Amino acid sequence: MQCMELNNLPDLLEQVKPCTNEGKVATYIPALGEANANDIGIAIYDKEHHYISAGNTEVNFTLQSISKVITLALALMDRGTDYVFSKVGMEPTGDPFNSIIKLETSNPSKPLNPMINAGALAVTSMIAGEENEEKMARILHFVRDLAANPKIQYSAEVAISELETAHLNRSLCYYMKQNGIIDGDVEELMDLYTKQCSIQVNCIDLARIGLVFAMDGFDPYTKEQIIPPNVAKICKTFMVTCGMYNASGEFAIRVGIPAKSGVAGGILACVKGQVGIGIYGPALDNKGNSVAGLKLMELLSMQENWSMF
Ligand code: DON
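Residues numbered from 1 in each chain as written. Predicted model: local features only at pLDDT ≥ 70, side-chain atom pairs only at ≥ 80, totals over all residues. Heavy atoms only, no water.

(A) Structural view of the pairing of strand β1 (residues 41-46). Burial of β1 is extensive: six of the six residues sit out of reach of the surface. Side-chain alternation along β1 places Gly41, Ala43 and Tyr45 on one buried face and Ile42, Ile44 and Asp46 on a second face that is also buried. Both β1 and strand β2 (residues 51-55) contribute to a ladder of five bridges, which runs antiparallel. For Ala43, the partnering residue across the bridge sits in β2 and is Ser53. Taking the residues between adjacent antiparallel strands as the criterion, β1 and β2 are bridged by four residues, where His50 takes a positive phi near 60°. In this sheet, strand β9 (residues 275-280) lies alongside β1 in antiparallel orientation, the contact comprising six bridges. Bridging across to β9, Ala43 finds its partner in Gly278. (Buried < 20%, exposed > 50% of the residue type's maximum accessible area, 1.4 Å probe, protein only. Helix = DSSP H or I, 4+ residues; strand = E, 2+ residues; numbered from the N terminus. Pairing = 2+ DSSP bridges.)

(B) Representation of the pattern of salt bridges within the structure. Per the stated rule, a full pass over the model turns up nine salt bridges. For Asp78, the salt bridge is made with Arg138, and the minimal N-O distance between the two is 2.7 Å. Here the residue Asp78 occupies a position in helix α2 (residues 67-79), and Arg138 occupies one in helix α6 (residues 132-147), the gap between them amounting to 60 residues. Close ionic contact of Lys272 with Asp216 constitutes a salt bridge, the shortest N to O distance being 3.0 Å. Of the two residues, Lys272 is situated in the loop between β8 (266-271) and β9 and Asp216 in the loop between α10 (203-214) and β5 (218-219); the sequence distance between them amounts to 56 residues. Residue Asp216 is classed as partly exposed on the basis of its relative accessible area, which comes to 23%. What emerges from the salt-bridge pattern is a single network uniting Glu250, Arg254, Lys295 and Glu298. (Salt bridge = Lys/Arg side-chain N within 4 Å of Asp/Glu carboxyl O.)

(C) Quick look at the packing of α6 against α10. It is at 7 Å that the axes of α6 and α10 come closest, and there the two elements cross at 85°. Accordingly, the angle class assigned to the pair α6 and α10 is roughly perpendicular. Contacts between α6 and α10 involve Val143, Leu146 and Ala147 from the first element and Asp205, Arg208, Ile209 and Val212 from the second. Considering only residue class, the contact of α6 with α10 consists of five nonpolar, no polar and two charged. (Axes fitted to C-alpha atoms, helices over the stretch in contact; angles between N-to-C directions. Parallel < 35°, antiparallel > 145°, perpendicular 65-115°, else oblique. Contact = heavy atoms within 4.5 Å. Nonpolar A, V, L, I, M, F, W, Y, C, P; charged D, E, K, R; others polar.)

(D) View of the domain arrangement of the protein. Examined at the domain level, the protein breaks down into domain 1 (3-64 + 201-304) and domain 2 (66-197). For the pair domain 1 and domain 2, the two sides together bury roughly 3000 Å², of which 75% comes from carbon and sulfur. At the boundary of domain 1 with domain 2, the tally comes to zero salt bridges. Within the residue set of the side of domain 1 that touches domain 2, elements represented by two or more residues are α10, α11 (229-242), β7 (259-261) and β8. The residue inventory of the side of domain 1 that touches domain 2, partitioned by class, reads 24 nonpolar, seven polar and six charged. (Domains from an automatic or database assignment. Buried area = accessible area lost by both parts, 1.4 Å probe.)

Right, here's the structure in full:
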């Protein structure tokens, strides 16, 4: 398939647009509440014909949980798999992304996977660097490389908005500190985590990042192996098993494409050896996934026969 042939993309978008009325913009991070619930956009990058896009592709939005895949890749490159998985597990939870329950009931106490908030916070604590400034610069540099966009920044407004209200995430950190999963200063970790979640992209950036994952860490345009293949493979496996929170099973059945969503409305997806997909639709269902984005992924996967199963 060459994505330039996907010339009915605007029609698919029109088809799913009414779904934006079925969801709600996230407001638990107050700054996210400013998004336009009816926005929906998509970009698809392939390895030869660049990208196609439709809808609100120019809107910048924050990565939120999509950043968890990116920091996981960086932590695996910084620390190696043995260290990372000594602190964070590999199993899906079936619980909401911010749940604390399994931290208390699992023995030994460690977050079940790097895609839930507890696991992602632990992973962020592993990013190499002296101070937060250096760590954040490394994360940003990595995202810019993956998206081939040196202008990518984080939104200080969204980061502060989350930092001021993230009491549940703070409690996850203190619980993990008590149990030896993380050490160091919790406020410092919260500062870095909220900044990583606030990195701003548009659908085209996201599709380009997806393409690198689709190509097992290789950027077909720059010919650079940005992520080692084994690390890209681990990240994509988590995208399948836990990428859409506690809707990952249904997503695997309906869509069958490794993907990661975020509460700002983004979906990052990758079809092995073929395309990267970036979607933005801030109206979310009750599990935190973009309602119109999910429908769009389903239609696309059926039409292009993209399911990996
Ligand atoms: O930690 C949070 O709640 C947000 N910064 C990210 C949440 C999100 O996108 C959903 N998480 N899996």
